[in-house]
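# Survey of secondary and tertiary structure
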8 protein chains.
Amino acid sequence: RRCGAAEVIYAAGKTADQVVRIAKAIYVRGDVVLMTRANDEQITAVCDAFKGEPIEVADSCGAVMIGSPGGMEDAEDSNRGGMVVPIVTAGTSDLPVAEEAAMTVKAMGCEARMVCDVGVAGLHRLMGRMDELGGDDVRVLIVVAGMEGALPSVVGGLVDVPVIAVPTSVGYGASFGGVAALLGMLNSCASGVVVVNIDNGFGAGYTASMIVKQNRVSAND
Amino acid sequence: RRCGAAEVIYAAGKTADQVVRIAKAIYVRGDVVLMTRANDEQITAVCDAFKGEPIEVADSCGAVMIGSPGGMEDAEDSNRGGMVVPIVTAGTSDLPVAEEAAMTVKAMGCEARMVCDVGVAGLHRLMGRMDELGGDDVRVLIVVAGMEGALPSVVGGLVDVPVIAVPTSVGYGASFGGVAALLGMLNSCASGVVVVNIDNGFGAGYTASMIVKQNRVSAND
Amino acid sequence: RRCGAAEVIYAAGKTADQVVRIAKAIYVRGDVVLMTRANDEQITAVCDAFKGEPIEVADSCGAVMIGSPGGMEDAEDSNRGGMVVPIVTAGTSDLPVAEEAAMTVKAMGCEARMVCDVGVAGLHRLMGRMDELGGDDVRVLIVVAGMEGALPSVVGGLVDVPVIAVPTSVGYGASFGGVAALLGMLNSCASGVVVVNIDNGFGAGYTASMIVKQNRVSAND
Amino acid sequence: RRCGAAEVIYAAGKTADQVVRIAKAIYVRGDVVLMTRANDEQITAVCDAFKGEPIEVADSCGAVMIGSPGGMEDAEDSNRGGMVVPIVTAGTSDLPVAEEAAMTVKAMGCEARMVCDVGVAGLHRLMGRMDELGGDDVRVLIVVAGMEGALPSVVGGLVDVPVIAVPTSVGYGASFGGVAALLGMLNSCASGVVVVNIDNGFGAGYTASMIVKQNRVSAND
Amino acid sequence: RRCGAAEVIYAAGKTADQVVRIAKAIYVRGDVVLMTRANDEQITAVCDAFKGEPIEVADSCGAVMIGSPGGMEDAEDSNRGGMVVPIVTAGTSDLPVAEEAAMTVKAMGCEARMVCDVGVAGLHRLMGRMDELGGDDVRVLIVVAGMEGALPSVVGGLVDVPVIAVPTSVGYGASFGGVAALLGMLNSCASGVVVVNIDNGFGAGYTASMIVKQNRVSAND
Amino acid sequence: RRCGAAEVIYAAGKTADQVVRIAKAIYVRGDVVLMTRANDEQITAVCDAFKGEPIEVADSCGAVMIGSPGGMEDAEDSNRGGMVVPIVTAGTSDLPVAEEAAMTVKAMGCEARMVCDVGVAGLHRLMGRMDELGGDDVRVLIVVAGMEGALPSVVGGLVDVPVIAVPTSVGYGASFGGVAALLGMLNSCASGVVVVNIDNGFGAGYTASMIVKQNRVSAND
Amino acid sequence: RRCGAAEVIYAAGKTADQVVRIAKAIYVRGDVVLMTRANDEQITAVCDAFKGEPIEVADSCGAVMIGSPGGMEDAEDSNRGGMVVPIVTAGTSDLPVAEEAAMTVKAMGCEARMVCDVGVAGLHRLMGRMDELGGDDVRVLIVVAGMEGALPSVVGGLVDVPVIAVPTSVGYGASFGGVAALLGMLNSCASGVVVVNIDNGFGAGYTASMIVKQNRVSAND
Amino acid sequence: RRCGAAEVIYAAGKTADQVVRIAKAIYVRGDVVLMTRANDEQITAVCDAFKGEPIEVADSCGAVMIGSPGGMEDAEDSNRGGMVVPIVTAGTSDLPVAEEAAMTVKAMGCEARMVCDVGVAGLHRLMGRMDELGGDDVRVLIVVAGMEGALPSVVGGLVDVPVIAVPTSVGYGASFGGVAALLGMLNSCASGVVVVNIDNGFGAGYTASMIVKQNRVSAND
Ligand SMILES: Nc1ncnc2c1ncn2[C@@H]1O[C@H](COP(=O)(O)O)[C@@H](O)[C@H]1O
Ligand SMILES: Nc1ncnc2c1ncn2[C@@H]1O[C@H](COP(=O)(O)O)[C@@H](O)[C@H]1O
Ligand SMILES: Nc1ncnc2c1ncn2[C@@H]1O[C@H](COP(=O)(O)O)[C@@H](O)[C@H]1O
Ligand SMILES: Nc1ncnc2c1ncn2[C@@H]1O[C@H](COP(=O)(O)O)[C@@H](O)[C@H]1O
Ligand SMILES: [Mg+2]
Ligand SMILES: [Mg+2]
Ligand SMILES: [Mg+2]
Ligand SMILES: [Mg+2]
Ligand SMILES: [Mg+2]
Ligand SMILES: [Mg+2]
Ligand SMILES: [Mg+2]
Ligand SMILES: [Mg+2]
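In this report, the structure presented in the accompanying data block is examined. (Residues numbered from 1 in each chain as written. Chains lettered and ligands numbered in written order. Predicted model: local features only at pLDDT ≥ 70, side-chain atom pairs only at ≥ 80, totals over all residues. Heavy atoms only, no water.)

## Some points on the site of ligand 2
With respect to spatial proximity, the complete set of residues near ligand 2 consists of Tyr 172 of chain B, Cys 189 and Ser 191 of chain C together with Val 8, Ile 9, Tyr 10, Lys 14, Thr 36, Arg 37, Glu 100, Asn 200 and Phe 202 of chain D. Around ligand 2, the nearby residues trace back to chains B, C and D. One of the side-chain N or O atoms of Ser 191 of chain C is found 2.6 Å from an oxygen atom in ligand 2. One of the side-chain N or O atoms of Thr 36 of chain D is found 2.7 Å from a nitrogen atom in ligand 2. Considered on its own, ligand 2 offers 500 Å² of accessible surface; in the complex 75% of this is hidden by protein. With 3 residues, the single largest contributor to the shell around ligand 2 is strand E2 (residues 6–10) of chain D. The residue inventory of the shell around ligand 2, partitioned by class, reads 6 nonpolar, 3 polar and 3 charged. (Near = heavy atom within 4 Å. Polar contact = N/O pair within 3.5 Å; in protein donor to acceptor, adjacent residues only side chain to side chain. Areas by Shrake-Rupley, 256 points an atom, 1.4 Å probe, with all protein chains shown as cover. Helix = DSSP H or I, 4+ residues; strand = E, 2+ residues; numbered from the N terminus. Nonpolar A, V, L, I, M, F, W, Y, C, P; charged D, E, K, R; others polar.)

Okay, here's the thing in structure tokens:
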């Protein structure tokens with residue numbers, strides 16, 4: 001079963017019942033359901049309710065996708081590259097946010113390419129993976145980082161496409177729950193860096209997909 | 001005389017001499033020069049130094065463009081639409097920031113379309129100009145607002161393309177020099193809204209152009 | 001049994017015993033008791049203590065009303081409209097705060113009219129319910145919103161009565177527990193918007209009732 | 001010449017020319033013009049442009065009213081009381097904000113009654129003027145205070161009508177340009193206190209007039 | 001058994017064992033032990049360890065006094081008045097902080113006089129107890145308040161002695177854990193108001209006792 | 001000519017005329033006039049208006065005293081010591097605030113003893129002047145410091161009397177206009193430290209005098 | 001078994017499995033493993049996995065060292081002094097942070113010398129231990145303090161070597177989780193004070209060891 | 001004329017006369033005078049007063065050095081390298097702060113090596129100058145950056161010596177006068193990064209010299 005567009009449920013602050021009810025309403029319309037910030041109870045309830053349907057869960061961040069987004073498979077080979085969104089992370093603890101972004105990108109019918117643990121304090125690791133970040137096929141990058149949030153500036157200086165920077169709440173003390181990273185990204189001296197809310201992997205994934213699909217659409221015209 | 005790529009000088013904190021010298025070095029390479037945040041003395045010095053060359057000045061924000069970016073004129077008619085970037089403002093006082101964005105968009109070889117004074121407290125004004133915001137040709141929007149910074153949320157809910165939100169320092173008291181607008185935009189409940197620094201028209205214009213030109217390139221393949 | 005004026009107990013930081021004792025002292029005087037921010041233990045204790053008396057509980061926010069406020073029923077039909085207070089919310093998570101406001105409005109002898117889930121990112125939902133917000137009978141509106149807190153600005157621009165804006169602590173990251181919404185509302189570019197503390201549904205309901213009842217009194221003169 | 005409704009121009013960040021042009025456009029429609037935050041140059045330009053017309057200027061705050069609002073004079077005697085809005089200030093330095101509120105109240109066709117220099121550190125002064133604050137005719141109060149912003153709490157405890165609290169930027173050090181007063185007012189333990197932005201006399205005057213005129217309308221029905 | 005001076009243990013972050021050991025070391029020297037911020041485990045351990053000795057516990061705040069401070073009983077009758085420290089609170093939730101102050105005052109050999117629930121929103125309650133606040137015998141006042149923290153300003157305006165203001169973390173939303181009250185008190189427009197840290201009942205009690213005992217000493221010379 | 005009590009005018013935000021008028025009204029009643037934060041224009045106007053009267057001006061801080069406070073001269077020799085208030089400063093730039101405190105102390109009929117430039121980074125300087133800080137005659141200390149504001153903690157640990165700590169706005173960067181010093185003082189680990197607003201020399205001097213004079217009165221009984 | 005260099009694992013946000021796996025990978029390379037911020041589960045897992053190997057655990061802060069760093073033992077006697085790093089703490093609650101610093105210093109092959117509980121409010125305690133802070137052998141000091149964070153300023157004024165200041169989150173109210181201490185240290189008026197993040201004992205220990213070992217290396221040349 | 005140790009005058013907030021007087025007192029003792037933050041008037045006065053003496057002025061930051069520090073010239077050739085302190089800057093506007101650091105380094109008898117304009121958004125510029133940053137002779141680095149303050153993290157990851165990070169107030173909007181850079185540096189994920197106050201070039205230069213000279217001393221033993 002192949003669904004059409006993706007619609008999103010922000011599960012935080014809703015009951016398991018509410019979440020299942022809304023998900024069903026969306027799914028019967030033929031749309032992919034993307035749920036973010038679901039807790040264990042909500043995930044179990046949804047998995048029960050959608051037994052037999054295609055469902056994918058990212059435990060680390062509570063993201064759930066129900067249904068199979070069309071997209072990559074449909075695209076002609078020569079066009080698939082452009083629909084790939086590299087998601088770059090500074091450290092291991094940034095992974096949950098990156099996985100929320102990745103699930104969003106998939107639910108939008110694009111492909112996520114994880115490039116992890118390439119923080120700025122070990123520049124050689126980043127340099128060793130530049131081919132995964134650049135190349136003709138890449139039209140936008142998502143860069144996820146906590147603590148000082150410096151990675152988007154460095155990456156932004158190395159590539160020629162927009163960088164969507166996601167500050168994470170990883171850190172302690174004067175990281176102030178992600179504020180240090182957020183401010184670092186807003187003040188980036190690299191051109192082409194835009195920012196979303198702290199830990200907002202969804203927002204980054206959604207916007208990146210918008211950018212990527214616009215390309216696709218115009219190319220397919 | 002038609003220039004190639006655009007290179008940017010951030011004039012704040014530089015002397016008039018330094019600014020002229022850097023501008024010349026860029027210009028002789030055949031590139032368009034974009035200068036932002038230039039003061040009167042710097043503008044005069046640059047205008048003197050580049051007498052006879054194509055030069056455009058936006059006094060309100062201190063942006064200067066030297067040279068003629070290729071782009072729109074070169075594009076085939078059927079493709080020009082996609083290179084237009086609507087720049088939407090909430091109020092009159094947001095204009096200087098919007099003009100920095102517009103000059104940047106132009107220096108990048110795209111076209112800026114100003115849609116001004118359509119703040120959320122007078123929704124009918126915004127509604128009356130939706131055709132300028134949407135349409136097949138639009139691939140990204142810049143939305144500039146101060147005070148409560150609500151306009152990107154409203155616009156983001158009405159369109160299907162990414163919105164680059166620019167908070168401005170317009171306001172007083174608890175606007176805290178643009179912080180209220182910045183926070184509003186970071187917390188936007190509309191999907192597809194990304195944010196740049198307070199008053200950073202340049203950053204919005206630059207990223208929007210990146211998005212738009214990617215489209216152009218892939219369409220032209 | 002019909003009570004006179006309403007008196008309020010802020011239950012947070014009091015013991016169940018203290019809360020019951022104070023409630024009894026008020027009730028025997030013939031007044032309606034409104035209790036806010038009561039926890040489960042306090043609610044149970046109060047329900048036990050007032051078994052047989054008219055009592056209403058809003059679990060979501062811990063508001064409890066004991067006694068029957070006079071008001072709507074007493075009013076002549078032609079005057080009832082003016083005593084209705086529309087309570088508008090942006091999203092589902094704002095409901096508990098809206099329910100605190102609603103219980104307060106009722107305890108003051110007025111009527112609450114809930115208009116929920118009409119956040120600014122889906123303007124058509126708000127537009128489709130404008131008749132519930134406006135009309136001759138409406139003299140004041142309560143608008144409850146978290147995240148970017150933009151709804152009061154939009155609503156304020158569409159109506160000609162005062163808007164009491166209630167920021168909620170709904171959101172994450174740079175919402176800073178309701179600060180983003182609070183700042184947004186304080187900086188509203190719509191005229192006639194006043195603000196109460198984060199999550200203060202009570203304050204909004206109380207002030208709205210004051211405004212509405214003044215009308216009633218003068219109309220009944 | 002008697003005008004109809006009042007329309008408002010926020011002069012800050014506009015040129016003298018722009019301000020005159022907008023004022024004329026409003027005035028020819030038959031409306032009262034209220035201009036706030038006008039600087040000396042703007043005030044002179046407006047006074048020149050409207051020579052011969054009824055014009056009132058409050059230098060302390062840069063508020064200007066052009067035209068004669070109907071209202072108080074039209075009201076039957078028995079109804080005039082309800083259209084009076086007491087504006088209470090804590091200290092001398094709060095006066096400019098109070099005068100912005102007063103001019104706004106007048107432009108809306110109501111009457112402002114100044115009760116000044118009755119800060120909480122000298123309670124007897126406030127007590128000696130309670131008759132001006134209360135009474136049958138008062139339906140709403142504006143209370144203006146800087147520094148610790150405690151006056152609205154005290155006044156709110158003494159009266160039964162809504163209090164619109166206006167924090168001012170008066171103070172130094174840890175007053176943080178009005179933030180201390182703003183927070184004090186948002187946390188008021190008196191019921192019925194609502195708050196506007198720091199120094200926003202206009203917002204308080206506008207909302208107070210809305211409340212007062214609703215009364216009038218219903219009384220006149 | 002009568003002890004000499006009081007020495008203080010701040011129990012937070014220490015083990016029950018550590019706390020008992022330090023207390024014993026002080027007590028054997030003949031000093032009164034004052035312990036603040038002790039948790040249940042620490043209180044039980046101390047009560048066990050000092051079975052048979054004079055011990056007083058304030059559960060609400062975790063303050064414990066071991067030993068009998070000399071002072072009031074020793075003073076000649078005519079001098080006792082001056083050693084009384086009125087502790088004034090705005091609301092019920094401020095009580096734990098007031099009790100920490102009271103226990104400290106007692107451990108210093110002075111007398112605490114509680115004047116509770118006299119917040120500024122109900123001025124008559126405060127006015128009805130002015131005799132307990134003033135009079136010849138009072139040389140300093142402690143005023144404890146959360147939320148907007150306005151009580152010290154009002155009290156300070158009514159008396160001629162120093163007021164030690166204690167902001168409490170009572171409140172929600174924009175009270176920011178006592179910051180609103182702290183700022184209010186620092187900006188008090190009443191002369192003679194000094195401030196201690198949020199919830200620091202100990203600091204207020206200690207300083208008040210210093211002031212009061214200086215008086216005593218000099219009077220007894 | 002000897003005056004009675006001192007009354008205070010806060011000159012900031014008043015015109016020279018207003019300031020002179022208020023000063024005269026106080027002076028004719030027979031009171032000492034203390035004016036703080038007067039600018040050059042106000043000082044000149046006051047000096048002109050009170051030519052021939054005893055007047056003292058502290059240019060560094062804009063404090064002015066008109067009239068001769070009784071006090072020290074009247075006290076019997078054996079009692080004068082107790083009326084001395086040491087005012088301790090960390091650095092040269094803290095002097096203006098210390099001088100506001102000193103003028104206030106004098107206007108209250110006490111004596112100020114300046115102990116300057118004894119900041120904590122040069123402990124030997126402080127140690128070399130401990131005799132001026134302590135001694136039988138000292139009942140309270142004022143300690144003025146900017147930057148990290150550590151001096152009150154150190155002094156408070158060395159003396160047995162209350163320390164009134166005055167944070168100053170001296171510093172740059174992360175001193176945030178005195179906030180770092182203010183926080184340091186509020187968190188002092190020395191017992192007996194109370195705090196006033198940033199740069200509020202007046203408040204410290206006033207409260208110190210209250211404490212000192214209480215002693216005097218009881219000693220004279 | 002003697003290891004070479006030390007490599008660090010920041011355990012927070014990693015699973016016990018991940019932590020063991022990384023530790024093994026480092027250890028087999030012949031390096032000392034330093035793990036910080038490990039929780040009980042992680043500590044147990046690591047102790048199990050490295051049974052038989054040299055392992056040291058600091059429970060208070062969750063620091064673990066696996067392997068035996070060379071260093072002190074290798075150094076000739078005359079050179080050992082310079083490799084000692086005094087770690088000075090203000091109070092008992094600062095100990096966990098000091099112990100993270102000490103474990104780091106040891107893992108780097110240097111020696112930690114604890115000088116505890118010498119806060120500025122009891123200067124004699126600090127003075128009595130100055131010989132442990134200074135002397136020819138000391139090349140850098142670590143000073144750990146919470147609350148007002150004044151200790152580095154005092155120590156910095158007494159010694160001639162760099163002071164690495166570590167603010168801790170010890171305190172309450174306006175200590176804001178270590179921000180007051182952090183600001184105090186950044187604004188230190190003593191020369192030679194540098195600062196690390198709140199509670200970052202690791203950072204201080206690492207940098208101090210770098211400084212100390214540079215000395216050693218050059219001395220050994 | 002060769003001077004001994006350097007002593008420092010912080011000129012901000014002192015008169016030209018005071019500054020000259022203090023400078024003379026230091027100079028006659030035979031010490032080098034380092035003055036920071038001097039304004040034009042102070043610089044002129046000092047140059048006049050010390051005509052004929054060796055004097056060096058850095059206009060950009062107001063630093064002045066009087067006298068000739070011994071140091072580099074005295075050192076044997078093989079040891080000079082270790083006394084060099086590289087000062088790395090991100091952009092042109094960071095230069096004044098770097099020059100304050102350089103003048104301090106020189107006044108301490110060491111050598112400053114400027115490595116400018118190597119911000120993280122153009123990594124190749126930094127990479128091209130790594131030889132100036134590293135090498136056997138370098139024992140500590142100063143890294144100066146505004147905006148997002150990411151440079152110390154990147155540099156710290158590339159070298160094995162301590163990095164003293166200096167945040168600058170360069171930037172606008174959400175850079176908050178250097179706070180974004182300060183937070184970035186405090187949260188650096190590179191080991192061995194310590195931080196000084198915003199714009200505090202002096203503090204960095206002083207501490208770096210302490211580190212470097214310790215090396216020298218031990219090497220010379
Ligand atoms: N208004 C602006 N706001 C933020 N960054 C800017 C602005 N204008 C230019 N820039 C950035 O500054 C760089 C040039 O800085 P500079 O080399 O100092 O002239 C450009 O490459 C842009 O990335
Ligand atoms: N002093 C003021 N503070 C806040 N808002 C104001 C003020 N004066 C006018 N306004 C608002 O600004 C609007 C006019 O803005 P503009 O069209 O830019 O002149 C009015 O409709 C008011 O809502
Ligand atoms: N420098 C100052 N800082 C804070 N409050 C002051 C200061 N000087 C005077 N005051 C207070 O301001 C009051 C006089 O204010 P005003 O009536 O406006 O002149 C005095 O009674 C003092 O309580
Ligand atoms: N307690 C700590 N605080 C700050 N940084 C740390 C701490 N412990 C380790 N690190 C840093 O974290 C890095 C290891 O991080 P990871 O690779 O995530 O284990 C080390 O190289 C250190 O730079
Ligand atoms: Mg780039
Ligand atoms: Mg959209
Ligand atoms: Mg409206
Ligand atoms: Mg009331
Ligand atoms: Mg008083
Ligand atoms: Mg003491
Ligand atoms: Mg030192
Ligand atoms: Mg390194």
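## Let's talk about the coordination of the magnesium ion (ligand 12)
Gly 156 of chain H (O) and Val 159 of chain H (O) make up the full set of protein donors to the magnesium ion (ligand 12), lying at 2.0 to 2.4 Å. This pair shows no difference in class: Gly 156 of chain H is buried, exactly as Val 159 of chain H is. (Donors = N, O, S within 2.8 Å, 3.2 Å for Na, K, Ca; no water. Buried < 20%, exposed > 50% of the residue type's maximum accessible area, 1.4 Å probe, protein only.)

## Digging into the interface of chain B and chain A
Contact residues are listed per partner, giving 24 residues for chain B and 24 residues for chain A. Across the chain B to chain A interface the summed buried area is about 2,200 Å²; carbon plus sulfur atoms make up 62%. On the chain B side of the interface with chain A, the three residues burying the most area are Leu 186, Met 210 and Gln 214 of chain B, jointly 24% of the side's total. Our count for the contact surface shared by chain B and chain A stands at 0 salt bridges. Listed by contribution, the elements that provide at least two residues to the side of chain B that touches chain A are helix H8 (179–186), strand E11 (193–195) and helix H9 (201–220) of chain B. Broken down by element, the residue count for the side of chain B that touches chain A peaks at 9 residues, all from H9 of chain B. In the side of chain B that touches chain A, the residues fall into 14 nonpolar, 8 polar and 2 charged. (Contact = heavy atoms within 4.5 Å. Buried area = accessible area lost by both parts, 1.4 Å probe. Salt bridge = Lys/Arg side-chain N within 4 Å of Asp/Glu carboxyl O.)

## Comments concerning the side chain of Asp 94 of chain A
By secondary structure assignment, the location of Asp 94 of chain A is in the loop between strand E7 (84–89) and helix H4 (95–107). Buried charge Asp 94 of chain A goes without a salt bridge, the closest partner of opposite sign being Arg 125 of chain A at 9.8 Å. (Lys, Arg positive; Asp, Glu negative; His and termini not counted.)

## Structural notes on the sheet that holds strand E3 (residues 32–36) of chain D
Residue and element names in this part refer to chain D. As summarised here, the arrangement of the 4 strands in space is E2-E3-E5-E4, forming an open sheet in which the pairing is mixed. Single-partner strands in this sheet number two, and they are E2 and strand E4 (55–58). Ignoring strand direction, the axes of neighbouring strands in this sheet form an average angle of 15°. Examined bridge by bridge, E2 and E3 share 5 bridges and lie parallel to one another. Bridging from a neighbouring strand, Val 8 pairs with Leu 34 of E3. (Pairing = 2+ DSSP bridges. Axes fitted to C-alpha atoms, helices over the stretch in contact; angles between N-to-C directions.)

## Focus on the site of ligand 4
Contacts to ligand 4 come from Tyr 172 of chain A, Val 8, Ile 9, Tyr 10, Lys 14, Thr 36, Arg 37, Glu 100, Asn 200 and Phe 202 of chain G together with Cys 189 and Ser 191 of chain H. Per-site note: the chains with residues close to ligand 4 are chains A, G and H. Cys 189 of chain H is positioned with one of its backbone polar atoms (N or O) 3.4 Å from an oxygen atom of ligand 4. The element contributing the most residues to the shell around ligand 4 is strand E2 (residues 6–10) of chain G, with 3 residues. Within the shell around ligand 4, the residues separate by chemical class into 6 nonpolar, 3 polar and 3 charged.

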